[in-house]
Structure formats: structure tokens, C-alpha cells
Amino acid sequence: MTDRQIVRGKLAGASPWEDDFGYSRAVAAGDHVVVAGTTAWVNGKIEHEGDPYNQTLAAFGVGLGALAAYGLTADDVVRTRMYITHVRDADEVGRAHKKLFDAARPVATMVVVEGLIDSRMMVEIELEAYRAGLASTLEGKQP
């Protein structure tokens, strides 16, 4: 499988858990694209261990990369969800979010969770994007 491969019209990424757990990196549904939870898992390793700000930027980078396969950008994001493992990281995660989405201003949720699949991960994010007419531009195409 390549770094980004379409499986049954759904975008697959490079996470080892996609095949193991049976999910897609992103799925287009009409004019909406939903991106699965992403972390700072990049090129087979956790980036920026111990740094919530840069882990957040890396996680959003993975998610925005999935949206780019559909021709979407941060400006098309309408909802973000951020799961953090410690409340002390909220300001740094929020600062990274603002850096990427200050102009778009999607609705956002940040929740403190007990842990993520790998204890070195400090944040996991989800994205939802919308662009009117997207479905018609994707007909017969694969991102």
C-alpha cells in the first residue's frame, strides 16, 4: 500500500492501526469529508515527544494532508475535536489550533482523556470539512 491509497472510495493513510482496526483515514460523504483521529505519528514514529504544541501541529498536518487529497484546506474545516491527555497542555494545544484555524474559525471541542493508544502521544485530533458542490467534483474521481 502506498502512503495514500484509495480503498473502496475511502482514503487510506500510513497509520499501522488503519488495517489492524479496519478504518479509513478519511471518508467523503456528499459535500462533507470526515477525517479519523490523527496524532503525531509520522513516518513510522511519534514526533515531538513531550511537546504538546508541536504534536498538535503534526497531528493537524496529518489530518489536513488527508483533506488535501480531496482538494480541501483548513478554510474548509467546520469542526475540530482535540483529545488531550493532560489539562496542563490545553493552552499549547489551543495555541496550535489558533495558528492553523484562526481565519476559518471552525467549531471546536477539546476534551481531556485518560490516555491514547501510545503513552507518548499527548494529543489526538479529528477534522470535519465541508465544501458546497464537493460531491459533484469528486464523482468518478479518487483523491
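To start, this report covers the structure provided alongside it. (Residues numbered from 1 in each chain as written. Predicted model: local features only at pLDDT ≥ 70, side-chain atom pairs only at ≥ 80, totals over all residues. Heavy atoms only, no water.)

## Quick look at the environment of Phe60
Next up, step 1: Among the secondary structure elements, Phe60 is positioned in helix α2 (residues 52–68).
Next up, step 2: Once the C-alpha coordinates of Phe60 and Ile125 are considered, the two residues, 65 residues apart in sequence, prove to be 6.8 Å apart.
Next up, step 3: The contact partners of Phe60, leaving out residues within four places of it in the chain, are Thr80, Met82, His97, Leu100, Phe101, Ile125 and Leu127. (Helix = DSSP H or I, 4+ residues; strand = E, 2+ residues; numbered from the N terminus. Contact = heavy atoms within 4.5 Å.)

## Overview of the side chain of Asp76
Next up, step 1: Along the chain, Asp76 turns up in the loop between α2 and β7 (77–84).
Next up, step 2: When near neighbours in sequence (up to four residues on either side) are disregarded, Asp76 contacts Gly71, Glu128, Ala129, Tyr130 and Arg131.

## Here we look at the packing of aromatic side chains
Next up, step 1: Tallying each qualifying case throughout the model produces one aromatic pair.
Next up, step 2: Between Phe60 and Phe101, the ring centres sit 5.1 Å apart and the planes meet at 70°, which makes this aromatic pair edge-to-face. Of this pair, Phe60 sits in helix α2 while Phe101 is found in helix α3 (residues 90–101), placing the two residues 41 residues apart along the sequence.
Next up, step 3: Classification of Phe101 as buried rests on a relative accessible area of 2%.
Next up, step 4: Over the ring of Tyr53 we find Arg95; its NZ or CZ atom is 3.8 Å from the centre of that ring. (Phe/Tyr/Trp six-rings, centres within 6.5 Å; stacked < 30°, edge-to-face > 60°. Buried < 20%, exposed > 50% of the residue type's maximum accessible area, 1.4 Å probe, protein only. Lys NZ or Arg CZ within 6 Å of the ring centre and 35° of its normal.)

## Looking at the environment of Gly37
Next up, step 1: Structurally, Gly37 is set in strand β4 (residues 32–38).
Next up, step 2: Here the alpha-carbon distance between Gly37 and Val62, two residues 25 residues apart in the chain, equals 9.6 Å.
Next up, step 3: Excluding residues within four positions of it along the chain, Gly37 makes contact with Arg25, Glu124, Ile125 and Glu126.

## Remarks on unusual backbone geometry
Next up, step 1: Although it is not a glycine, Asn43 sits at a positive phi angle of roughly 55°.
Next up, step 2: Looking at the secondary structure, you find Asn43 in the loop between β5 (41–42) and β6 (45–46).
Next up, step 3: Overall, the relative accessible area of 74% leaves Asn43 in the exposed class.
Next up, step 4: You will see that His48, though not glycine, has its phi angle at about 60°, which is positive.
Next up, step 5: If you trace the backbone, His48 turns up in the loop between β6 and α2.

## Concerning the pairing of strand β3 (residues 26–29)
Next up, step 1: Sheet topology places β3 next to β4; four bridges connect them, and they run antiparallel. Considered in β4, the bridge of Ala26 is made with Val35.
Next up, step 2: Hairpin connection of β3 to β4: two residues between the antiparallel strands, including Gly30 at a positive phi of 65°. (Pairing = 2+ DSSP bridges.)

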